[in-house]
Amino acid sequence: MKNTGILGFVSDISLEARKLKRFKRIVARSSSNIKKRQAERGLLKPAPLPIYTGNLPSINAEMLKKSIKFIFRTDKEFALFKKYFYVGTYVDQNVTQMDLVMDLLEKTEKGKFVLEKGKVFCAKCKLKKLKRIKSG
Amino acid sequence: MDNIQRIKKYRKNIAEDYKKFLLEGAEDKNYLEVRSLKFTRNPRLSSEYTDCALPLTFDFYSKCSMSCVYCFGYYFKSSNPSFSPEVRIPDVKKMILSLEGKKSNRRHDLFYKYFYKDRHILHWGGLTDPFCYYEKVNKRAFPLIKALGEFSYPTLFSFKGSTIFDDKYLSLFEKYSKQKNFAFQISIVSNSDKMARLIEIKVPSTTRRFEAMKILSNMGYFTSLRLRPFIIGITDKDLDILLERARDAGARSVSVEFFAADVRTSRAMKLRYKLLGEIIGTDLLPYFHDLSPSERGGYLRLNRLVKESYVKKIYKFCVDNDIIFACSDPDFKELNMTGCCCGLPENSEEYPLLNNWTRSQITWHLKELRREYHRTGKRGVLTFDKVYKDASGYFNDTYFSDDHVKTVGMCNVDRKRQTFGNMARMEWNNFRTPGNPRNYFHGKLMPVGLTAEKDIIYKYNPQEWEDRWKKEGIDLGK
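Residues numbered from 1 in each chain as written. Chains lettered and ligands numbered in written order. Predicted model: local features only at pLDDT ≥ 70, side-chain atom pairs only at ≥ 80, totals over all residues. Heavy atoms only, no water.

A. Inspection of helix α9 (residues 206-218) of chain B at higher detail. Residue and element names in this part refer to chain B. Under the 1.5 Å per step criterion, the end-to-end length of α9 is 18 Å for 13 residues, consistent within 8% with the ideal 18 Å. Three or more residues of α9 are buried, namely Thr206, Arg209, Phe210, Ala212, Met213, Leu216 and Ser217. Projected onto a plane normal to the axis of α9, the buried residues spread over an arc of 150° and lie on a single side. Against the buried residues of α9 lie β5 (155-159), β6 (182-187), α8 (193-199), β7 (200-201), β8 (222-230) and α10 (239-248). Backbone geometry just after α9 places Gly220 at a positive phi near 105°. (Helix = DSSP H or I, 4+ residues; strand = E, 2+ residues; numbered from the N terminus. Expected span 1.5 Å × (residues − 1). Buried < 20%, exposed > 50% of the residue type's maximum accessible area, 1.4 Å probe, protein only. Arc of directions from axis to C-beta. Contact = heavy atoms within 4.5 Å.)

B. Focus on the sheet that holds strand β15 (residues 456-460) of chain B. Residues and elements named next belong to chain B. Pairing within the open sheet is antiparallel, and its 3 strands lie in the order β13-β15-β14. Whereas interior strands pair on both sides, the edge strands pair on one side only; in this sheet they are β13 (381-382) and β14 (445-450). Looking at chain direction, β14 and β15 are connected through 5 bridges and run antiparallel. Residue pairing for β15: Leu450 is matched across the bridge by Ile456. (Pairing = 2+ DSSP bridges.)

C. Region of interest: the sheet that holds strand β12 (residues 324-327) of chain B. Residue and element names in this part refer to chain B. Sheet architecture is open: 8 strands sit in the order β1-β2-β4-β5-β6-β8-β9-β12, paired in mixed fashion. This sheet does not close on itself; its edge strands, each paired only once, are β1 (44-45) and β12. Sheet topology note: the β1/strand β2 (residues 56-58) ladder contains 2 bridges and is antiparallel. Bridge assignment links Arg44 to a residue of β2, and that residue is Thr57.

D. Fine view of the interface of chain B and chain A. Counting residues at the interface gives 49 residues for chain B and 38 residues for chain A. When chain B packs against chain A, the two sides together hide about 3700 Å² of surface, and 59% of this comes from carbon and sulfur. Taken as a group, B:Leu305, B:Arg417 and B:Glu464 account for 17% of the area that chain B buries against chain A, more than any other trio of residues on that side. For the pair chain B and chain A, the interface holds 1 salt bridge. Put simply, B:Asp290 and A:Arg41 hold a salt bridge, and the shortest N to O gap is 2.8 Å. Counting across the interface, chain B meets chain A through 8 residue pairs in polar contact (both at pLDDT 80 or more). Residue contributions to the side of chain B that touches chain A peak at 5 residues, all from β14(B). A breakdown of the residues in the side of chain B that touches chain A according to their chemical character gives 21 nonpolar, 12 polar and 16 charged. (Buried area = accessible area lost by both parts, 1.4 Å probe. Salt bridge = Lys/Arg side-chain N within 4 Å of Asp/Glu carboxyl O. Polar contact = N/O pair within 3.5 Å; in protein donor to acceptor, adjacent residues only side chain to side chain. Nonpolar A, V, L, I, M, F, W, Y, C, P; charged D, E, K, R; others polar.)

E. The environment of B:Lys471, seen in detail. All names here are of chain B. Tracing the backbone through its elements, the reader meets Lys471 in helix α19 (residues 464-471). When its relative accessible area of 76% is taken as the criterion, Lys471 is described as exposed. The sequence separation of Lys471 and Ser392 amounts to 79 residues, and the corresponding C-alpha distance is 41 Å.

F. Quick look at the packing of aromatic side chains. Residues and elements named next belong to chain B. Overall, the coordinates contain 59 aromatic pairs over all chains when judged by the stated rule. A ring pair is formed by Phe384 and Tyr388, whose centres lie 4.8 Å apart and whose planes are at 50°; its orientation type is tilted. On the criterion of helical spacing, the pair formed by Phe384 and Tyr388 is a turn pair, its members being 4 residues apart in helix α15 (residues 384-388). By relative accessible area, Phe384 is classed as buried at 4%. Of the residues examined, Tyr388 reaches a relative accessible area of 6% and is grouped as buried. Seen in terms of ring centroids, Phe384 and Trp428 are 5.7 Å apart; in terms of plane orientation they differ by 80°. Their pairing is edge-to-face. Here Phe384 is found in helix α15, whereas its partner Trp428 is found in helix α17 (residues 420-429), with 44 residues between them in sequence. Taken individually, Phe384 and Trp428 each receive the classification buried, so the pair is uniform in this respect. (Phe/Tyr/Trp six-rings, centres within 6.5 Å; stacked < 30°, edge-to-face > 60°.)

Here you go:
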């Protein structure tokens, strides 16, 4: 293929047609599968694509599209959050919503809630459930 | 040992190997009986959704009793360490409830919300055959087929199994034939019964499959020839006769996709490649390796030049016989006469229920670009938002992240945040992935710049073969 600039890539017109013509001549002379496959491997290899040299999506743009980030007000808040959640990538969150999350985590610390596998249980209900399972 | 003896030996080993695969997790004597109480996660979303018109895909039995040497489903399952050895089926009761719009479980409720409510076509037969011997023995899919008939729900069956010949099933399809909600795509890859027997073990003959096509066409159903995979060295023999037989059996469309070999082969797959190599006349993997573009990664699909003469023959036949040409292969996909590469019609008045597949995928747009170019001379462009703007809600729902094959290996927090839309966008913009449009269609769509949202813009790239075909008088504007 020839690179004719950023707007178009035109294949080399004579080369593909010549390759096919030669291939068809070989195939016409022999109907053997082995000969056909040999001719294909010899003549019909793919040409590599031209390299794109234009602007690429920025890494930041990619990160913004797929990443989400929480903003913590203090190191203490961050440490508490990290205790219960795997810290990967998070979205910019409204601080008032962060209050709800931090409130939940503080109550977990005090034993009012149980956080397990990303789900929140009331500590009392969970204890009752555990007792029921133990008693059979 | 000569060629024929080797072929027989490989075939025997493949059949024994496959029997062991079926026996895993089953009782020896009644290995076809379904005993598991666990359900599969079917229906599911197709991992090929970026260029697939039928993202809602469905398999009933987790295994297939037939052993086709080229089977992609077997390759996929035998290479998957989390694949359960016992045969399982979906929860039919819950599925029927959700088809009716009644509350079921979360997964089925979401399928109702994104697909059933709009009566989006259900594609039955992605990785296992709906009418293989598992169905013959168990008949567990029958109530679901009956429910689909009662709801007149549009369903495409891709099959080659013979259970469909049982009176029970034929009567059912006869009963609902006036609704025309069912469509049938019959897989046939060789004109010769003898050749078919070599590479399709425990599968009805080509002749028998054409009989099935004829019966269903005569009932008034939309039938299609599924020429997938097209194996060079096997399918090309007597291809003209094969196409004529399909036309005479009432096929309304032909869907073609060429056989691809994966470099990540297991011992079992290597045996299959050996058998195919003996028949087609060369060592399979080196042949595919030499002729496949490196930009497409380890799933080796050969290249356009190798496939051109066969595609031309099929396309010309379809044009001359007023049959829909459909191509699921990334090479020549632009030649599709419909935006559904399974060959379903676009705006059929005779089969209105079969028009309901998604246009928010690359196949539709690529076909439109080709038409536009050959009718007006204009080279159109594609942006991510243009292709996927009307994608169904599942596209942005994080619930389905586990359905996507690319989330395997991601950490939990990243996986749970993924959507099909995110992953499609990442592929769209990353030239290192084989699924990127530039790489996947190998130059048919070329990058020309960025949108304001920093997504790549692709432009239709006319190629040399199009000039040659036009000079031969082939209409490329269809």
